[in-house]
Structure formats: C-alpha cells, structure tokens
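# Examining the three-dimensional arrangement
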Amino acid sequence: MKIEPAALAQYIDHTLLAADASREQIATLCREAQEHGFYSVCVNSGQVPYAASLLEGASVKVCAVVGFPMGAGLSDTKAFEAKQAIAAGAGEIDMVLNIGWLKDGLFDEVRDDIAAVKDACGAVPLKVIFETCLLDDAQKTRAAEICRDLNVAFVKTSTGFSRSGATVEDVALMRKVVGQGVGVKASGGVRDYTTAVAMIEAGATRLGTSSGIAIVSGVAASGSGY
C-alpha cells in the first residue's frame, strides 16, 4: 500500500495521556493537531475542558479516555465519566473494557459494562480498548464479537500503559472478527511511518500515537512515547 506520509494525518489521534501532562503540553498538542491536520487529540477526561476550549471552531476533535488505563472501575462510574467528558467537549470516547471480567469468562458482565458506556455516549462514537497484550486470541476474539454485536464505533488494541502495544497480528484478528462495519484503532508503539502503514494494511482505520508528527513527516520518532 502506497500512502504518502502527509495523508496519514487523518488517521491519527494525537495523544498525550501522561499523568503529569501540563497545560502547556496540552496546548502544544492541540496546536500541533491543527497544524498537521490530525483527526483528534486524545487526552484524559480532566484535560477535556481545556483542550476543547483551545480547539473551539477547529476541525480537530477532542477524544477522552474513560476508565483509563485499568478498565476495572464500576460501570456506572465509567458511564458517568463518559457523559461528563462529552458535556465538557469530547467528541469521541475511548473506554477500557473490564479485562479481569473478560479473562474470567464473565462475558455478560463485559457486555453490560460496554453497553452502559455506549448508552452514556449517545451519538458520540465509542472506541473500546482491549489491552491485547494481556489476552489470548480466544479472549480477543470474544471481546471483538461483543463489540461488533453492540455496534460500537471502534475496537482498539491497547492503552499504551501495559506490557506492549499494537501488533499487526492483533489488528488483523480484530478486523477479521468485526468485519467492515466497525473501525479498528491501533495504539501503543505506532511511532513511525512504516509501522503506521503496516497497521493500516492489517486493517486499522485509526492510529493512536504521540509520534504523529514523525509519522506524517516520514521520519523516525526520537525518544520514547505512546
């Protein structure tokens, strides 16, 4: 697949989820997203009001993470966080599913947890984070089936805060299960043009990364990052 680096901008959720992210860094994130034409900025829900104020009138969306990064909170709490983030200006929600429940085979509980947040989102797109590095293929498949049946907007590989991030194999598996009606977001470790294209070729339709500028510039990212 031949994609010019600059054309990848609309795949990218420009991401800053560090606990110590400053307002100056959030302002830089928003400015970079506008300059490079990224799809969204992805921030913790507490940063949404400030990011939304900076991006008012811009085409760049604000994406908020919910139940992040563990996914182990109460469903009502996740739903409340999603609702409040949307009220504050979030145009997309990325929630972490309850990984422990999934690994225990509590699939009805996993479904209800996701459904509660989806209901809170209303028309706002919901992405569901699996944390694929903690799951086997059967668990990834079951999670993808649940999300497909609930008609969420996207399934997403990773938080970027666990042992590892996205792999082309996981993206391909998720795409195979959800079909073409649900998006697939590759996140965690997507830090250069070559990796970004590999994820898209495997079926990704969105990329979560803190290395968006390097990707659209076609250069290697420096240092570490999401």
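Residues numbered from 1 in each chain as written. Predicted model: local features only at pLDDT ≥ 70, side-chain atom pairs only at ≥ 80, totals over all residues. Heavy atoms only, no water.

### Structural notes on the overall build of the chain
The number of helices and strands found in the chain is nine helices and eight strands. Principal-axis analysis of the C-alpha atoms gives the chain an extent of 45 × 40 × 30 Å. A total accessible area of about 9600 Å² is found for the chain, and carbon and sulfur atoms account for 51% of it. The averaged location of the 26 negative side-chain charges in the chain is 2 Å from the averaged location of its 20 positive side-chain charges. (Helix = DSSP H or I, 4+ residues; strand = E, 2+ residues; numbered from the N terminus. Areas by Shrake-Rupley, 256 points an atom, 1.4 Å probe, with all protein chains shown as cover. Lys, Arg positive; Asp, Glu negative; His and termini not counted. Charge placed at Lys NZ, Arg CZ, Asp CG, Glu CD.)

### Brief notes about helix α8 (residues 193-202)
Within α8, the full set of buried residues consists of Tyr193, Ala196, Val197, Met199, Ile200 and Ala202. In this structure, the buried residues of α8 make contact with α7 (168-178), β7 (183-187), β8 (206-209) and α9 (212-217). Following α8 by one or two positions, Gly203 adopts a phi angle in the positive range, close to 130 degrees. (Buried < 20%, exposed > 50% of the residue type's maximum accessible area, 1.4 Å probe, protein only. Contact = heavy atoms within 4.5 Å.)

### Digging into the pairing of strand β5 (residues 126-129)
Every second residue of β5 is oriented toward a common face, with Leu126 and Val128 on one face and Lys127 and Ile129 on the other, all of them buried. Summarising the sheet, strand β4 (residues 92-96) and β5 pair through four bridges and their orientation is parallel. Following the sheet pairing, Ile93 is matched in β5 by Leu126. As paired strands, β5 and strand β6 (residues 154-156) are joined by three bridges and run parallel to one another. Directly across from Val128, in β6, lies its bridge partner Val155. As a crossover connection, the stretch from β5 through helix α6 (residues 137-150) into β6 is right-handed. (Pairing = 2+ DSSP bridges. Right-handed = clockwise from strand over helix to strand, strands pointing away.)

### Here's the deal with the sheet that holds β7
Around the barrel, eight strands lie side by side as β1-β2-β3-β4-β5-β6-β7-β8; this closed barrel has parallel pairing. Strand after strand, the sheet turns through a mean of 25 degrees between neighbouring axes, direction not considered. Relative to the sheet, α7 contacts β6 and β7, its axis offset from that of β7 by approximately 165 degrees. (Axes fitted to C-alpha atoms, helices over the stretch in contact; angles between N-to-C directions.)

### Overview of the packing of aromatic side chains
Applying the stated criterion across every chain yields a total of one aromatic pair. Between Phe68 and Phe161, the ring centres sit 5.3 Å apart and the planes meet at 85 degrees, which makes this aromatic pair edge-to-face. Of this pair, Phe68 sits in the loop between β3 (61-66) and α3 (75-87) while Phe161 is found in the loop between β6 and α7, placing the two residues 93 residues apart along the sequence. Classification of Phe68 as buried rests on a relative accessible area of 18%. Above the face of the Tyr50 ring, Arg23 is positioned so that its terminal group lies 4.2 Å from the ring centre. Here the basic side chain of Arg142 rests over the ring of Phe107, its NZ or CZ set 5.0 Å away from the ring centre. (Phe/Tyr/Trp six-rings, centres within 6.5 Å; stacked < 30°, edge-to-face > 60°. Lys NZ or Arg CZ within 6 Å of the ring centre and 35° of its normal.)

### Topic: the packing of α3 against helix α5 (residues 107-121)
Interhelical geometry of α3 versus α5 gives an angle of 20 degrees and a closest axis separation of 8 Å. Relative to α5, the element α3 is oriented roughly parallel. At the point where α3 passes α5, the crossing takes the right-handed sense. Note on element contacts: α5 touches α3 through Asp113, Ala116, Val117, Ala120 and Cys121, opposite Ser75, Lys78, Ala79, Ala82, Lys83 and Ile86. Taken together, the residues of the contact of α3 with α5 break down into seven nonpolar, one polar and three charged. (Parallel < 35°, antiparallel > 145°, perpendicular 65-115°, else oblique. Left-handed = near helix turned anticlockwise from the far one by under 90°. Nonpolar A, V, L, I, M, F, W, Y, C, P; charged D, E, K, R; others polar.)

### Concerning the environment of Leu29
By the secondary structure assignment, Leu29 is in helix α1 (residues 23-36). Judged by its relative accessible area of 5%, Leu29 falls in the buried class. Not counting residues up to four positions away in its chain, the partners in contact with Leu29 are His14, Thr15, Leu16, Val41, Cys42 and Val43.

### Observations concerning the pattern of salt bridges
In a structure, side chains of opposite charge can pair up when their charged atoms sit close to one another. Here the structure, examined in full by the defined rule, presents 16 salt bridges. Asp94 is the salt-bridge partner of Lys127, the closest N and O atoms lying 2.8 Å from each other. Here Lys127, found in strand β5, pairs with Asp94, found in strand β4; they are 33 residues apart in sequence, far enough to count as distant. The class for Lys127 is buried, based on a relative accessible area of 0%. Among the salt bridges present, the one from Lys156 reaches Asp94, with a minimum N-O distance of 2.9 Å. Highlighted residues: Lys156 in strand β6 and Asp94 in strand β4, separated in sequence by 62 residues. The exposure class assigned to Lys156 is buried, which follows from its relative accessible area of 0%. Among the ionic contacts, a cluster of salt bridges with common partners joins Asp13, Glu92, Asp94, Lys127, Lys156, Lys185 and Arg206. (Salt bridge = Lys/Arg side-chain N within 4 Å of Asp/Glu carboxyl O.)

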